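# Inside the fold
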Amino acid sequence: MDFFLYTKIGQMILAVIALALVVLVLLGLASLADRLKGRGRTLAAVIVFLGPAALLLGLGLIYPAVRTIAMSFMDRRSDKFVGMANYEWMFTATDSKQAFINTFLWVILVPTISTAVGLLYAILIDGKRFEKVAKSLLFMPMAISFVGAGIIWKFVYEYRGAAQTQRGLLNAIIVGLGGEPVRFLQDSPLNTIFLIVVMIWVQAGFAMVLLSASIKAIPNDIVEAAQLDGVNPWQMFRNITIPSIRPTLVVVLTTITIATLKIFDITQTMTGAKFGTQVLANMMYDQSFTYGNNGYGSAMAVAIFVLVIPIVVYNVRQMLKNKEVRGG
């Protein structure tokens, strides 16, 4: 036990020393760059400040991405080139197709419903006396990790036989009202919907905060002019609110969509990705680490990467477009 403790302490000391050396090297380079003049100074400053970030980006993102793509064309042990065989499996295997269907369902429902709930909530509480408290209640789940949310809702959905005392909140209520307990997490395909509810519960607060801030940023003169024209609440919402907060809506939808495409924690925590609830990230994890098939796992990782890219590109283009409009 003492040896283990001393080893940990030694590792921590080495980590602190390494960090201190990195800081000293950066400070030395910055000092050297400051003494230079002209273009040399500018180039040195760029190297000093961008060099470490570029190095970490290359080691932590670019290299793993390139290696994963290469492994997706190799066999399970990454020893032999197999061409498109892994991708052929990905689009033909029953479990893989189920994962694509479930992921598509998540991507359609979670961003749409989360954003709709957040927007409706933001509009209803806007300007009310209890606005801060109401916002805190909806935003509170954002402080919980996906794993924590999964554990909480697993107790809510927990199922036990009809002859046993129900410990799950929903089944306790159902049995108390004279009904039969429901297998919320075991019966497909509705179990996927019940898992999606958890993600919506977490993300609705995020959507509400951003959209509420965007609504408050609408110029008062526009709102007052619309009211003088005699618009009703629905016309105000459709013709004033939605066009004014459109950039924020795009950001919220795309951000939640990207998070949903990568969803792993909730399904893994609540069902172990069983009972027909697996998504792409679960398939990637199982193939890579449970079954030791690097080829299949890498192909699934590439699929997630490819699905995320268009959303990121669209988001960036919209941000640049909005920046140009404001600049003009």
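So, a few notes on the structure that sits alongside this text. Please read these numbers as outputs of a predicted model, since none were measured by experiment. (Residues numbered from 1 in each chain as written. Predicted model: local features only at pLDDT ≥ 70, side-chain atom pairs only at ≥ 80, totals over all residues. Heavy atoms only, no water.)

## A few points about the packing of aromatic side chains
Taken as a whole and assessed by the stated rule, the structure comprises 12 aromatic pairs. When the centroid spacing of 5.5 Å and the interplanar angle of 50° are considered together, the rings of Trp 153 and Tyr 157 count as tilted. Placement of the pair is Trp 153 and Tyr 157 together in helix α6 (residues 146-157), with a separation of 4 residues, close to one helical turn. Assessed through its relative accessible area of 2%, Tyr 157 is described here as buried. For the ring pair Phe 264 and Tyr 285, a centre distance of 5.2 Å and an interplane angle of 55° mean the geometry is tilted. With a gap of 21 residues between them, Phe 264 in the loop between α10 (233-261) and α11 (265-270) and Tyr 285 in helix α12 (residues 280-290) connect regions that are remote in the sequence. Judged by relative accessible area, which is 23%, Phe 264 ranks as partly exposed. The class of Tyr 285 is partly exposed, set by a relative accessible area of 33%. Sitting above the plane of the Tyr 159 ring, Arg 183 keeps its charged end 5.8 Å from the centroid. (Phe/Tyr/Trp six-rings, centres within 6.5 Å; stacked < 30°, edge-to-face > 60°. Helix = DSSP H or I, 4+ residues; strand = E, 2+ residues; numbered from the N terminus. Buried < 20%, exposed > 50% of the residue type's maximum accessible area, 1.4 Å probe, protein only. Lys NZ or Arg CZ within 6 Å of the ring centre and 35° of its normal.)

## What about the layout of surface pockets?
One number sums up the size of the largest pocket: a volume of about 330 Å³. Per-element accounting of the lining of the largest pocket gives the leading share, 5 residues, to α10. Taken together, the residues of the lining of the largest pocket break down into 8 nonpolar, 3 polar and 2 charged. If you add up the space inside the second largest pocket, you get close to 180 Å³. Around the second largest pocket sit Leu 61, Pro 64, Ala 65, Thr 68, Ile 69, Ala 301, Val 302 and Phe 305, which together line it. Contributing elements (two or more residues each) for the lining of the second largest pocket: α2 (38-71) and α13 (294-327). Top contributing element to the lining of the second largest pocket by residue count: α2, with 5 residues. Here the lining of the second largest pocket is composed, by residue class, of 7 nonpolar, 1 polar and no charged. (1 Å grid on protein atoms, 1.4 Å probe; cavity = no way out; pocket = protein on both sides within 12 Å on 5 of 7 lines; lining within 4 Å. Points joined across faces, edges and corners; volume = space filled by probe spheres on them. Nonpolar A, V, L, I, M, F, W, Y, C, P; charged D, E, K, R; others polar.)

## Structural notes on the nonpolar core
Of all hydrophobic cores here, the largest spans 35 residues; its most connected members are Trp 106, Tyr 157, Ile 266 and Met 270. Sorting the residues of this core by element identifies α4 (94-125), α6, α8 (190-216), α10 and α11 as the ones contributing at least two each. Broken down by element, this core gets its largest block of residues, 12 residues, from α8. Setting aside residues no more than four positions away along its own chain, Ile 266 makes contact with Trp 106, Phe 146, Leu 195, Val 198 and Met 199. Ile 258, Met 283, Met 300 and Ile 304 belong to the second-largest nonpolar core, a separate cluster that totals 17 residues. (Core = buried A, V, L, I, M, F, W, Y, C linked by side-chain atoms within 4.5 Å. Contact = heavy atoms within 4.5 Å.)

## Description of α10
End to end, α10 covers just 35 Å across 29 residues, shorter than the expected 42 Å (1.5 Å per residue, more than 12% under). At Arg 246, α10 shows its maximal kink, close to 60°; a proline, Pro 247, follows between one and four residues later. Two or three places before Trp 234, at the opening of α10, Asn 232 has a side-chain oxygen 3.2 Å from that residue's backbone nitrogen. (Expected span 1.5 Å × (residues − 1). Bend = angle between axes of the 7 residues up to and from the residue. Polar contact = N/O pair within 3.5 Å; in protein donor to acceptor, adjacent residues only side chain to side chain.)

## Brief notes about the pattern of salt bridges
The tally for this structure, following the rule as stated, stands at 5 salt bridges. The shortest N-O distance in the salt bridge between Glu 131 and Lys 135 comes to 3.0 Å. Here Lys 135 and Glu 131 lie together in helix α5 (residues 131-139), a separation of 4 residues that amounts to about one turn. With a closest N to O distance of 2.9 Å, Glu 131 and Lys 216 form a salt bridge. Taken together, the residues span a long stretch of sequence, with Glu 131 in helix α5 and Lys 216 in helix α8 at a distance of 85 residues. What makes Glu 131 buried here is its relative accessible area of 11%. Given a relative accessible area of 44%, Lys 216 falls into the partly exposed group. (Salt bridge = Lys/Arg side-chain N within 4 Å of Asp/Glu carboxyl O.)

## Structural notes on the side chain of Thr 103
With respect to the helices and strands, Thr 103 occurs in helix α4. Within the structure, the side chain of Thr 103 is placed 2.8 Å from the backbone oxygen of Ala 99, a separation counted as a polar contact. Once residues within four sequence positions are removed from consideration, Thr 103 is found in contact with Leu 261, Val 279 and Leu 280.

## Thoughts on the environment of Tyr 121
On the secondary structure map, Tyr 121 appears in helix α4. Among the residues examined, Tyr 121 registers a relative accessible area of 24% and is labelled partly exposed. Separated by 46 residues in sequence, Tyr 121 and Asp 75 place their C-alpha atoms 50 Å apart. Ignoring anything within four residues of it in the chain, the contact list for Tyr 121 reads Ala 134, Lys 135, Leu 138 and Met 208.

## A closer look at a nonpolar patch on the surface
The grouping of Ile 9, Ile 13, Leu 14, Ile 17, Leu 19, Leu 21, Val 23, Leu 24 and Leu 27 at the surface amounts to a nonpolar patch, some 870 Å² of accessible area in total. Position of Ile 9 relative to the elements: it lies in helix α1 (residues 2-35). Overall, the relative accessible area of 39% leaves Ile 9 in the partly exposed class. (Patch = residues over 30% accessible without salt bridge, like charges linked within 9 Å, V, L, I, M, F, W, Y side chains within 5 Å. Areas by Shrake-Rupley, 256 points an atom, 1.4 Å probe, with all protein chains shown as cover.)

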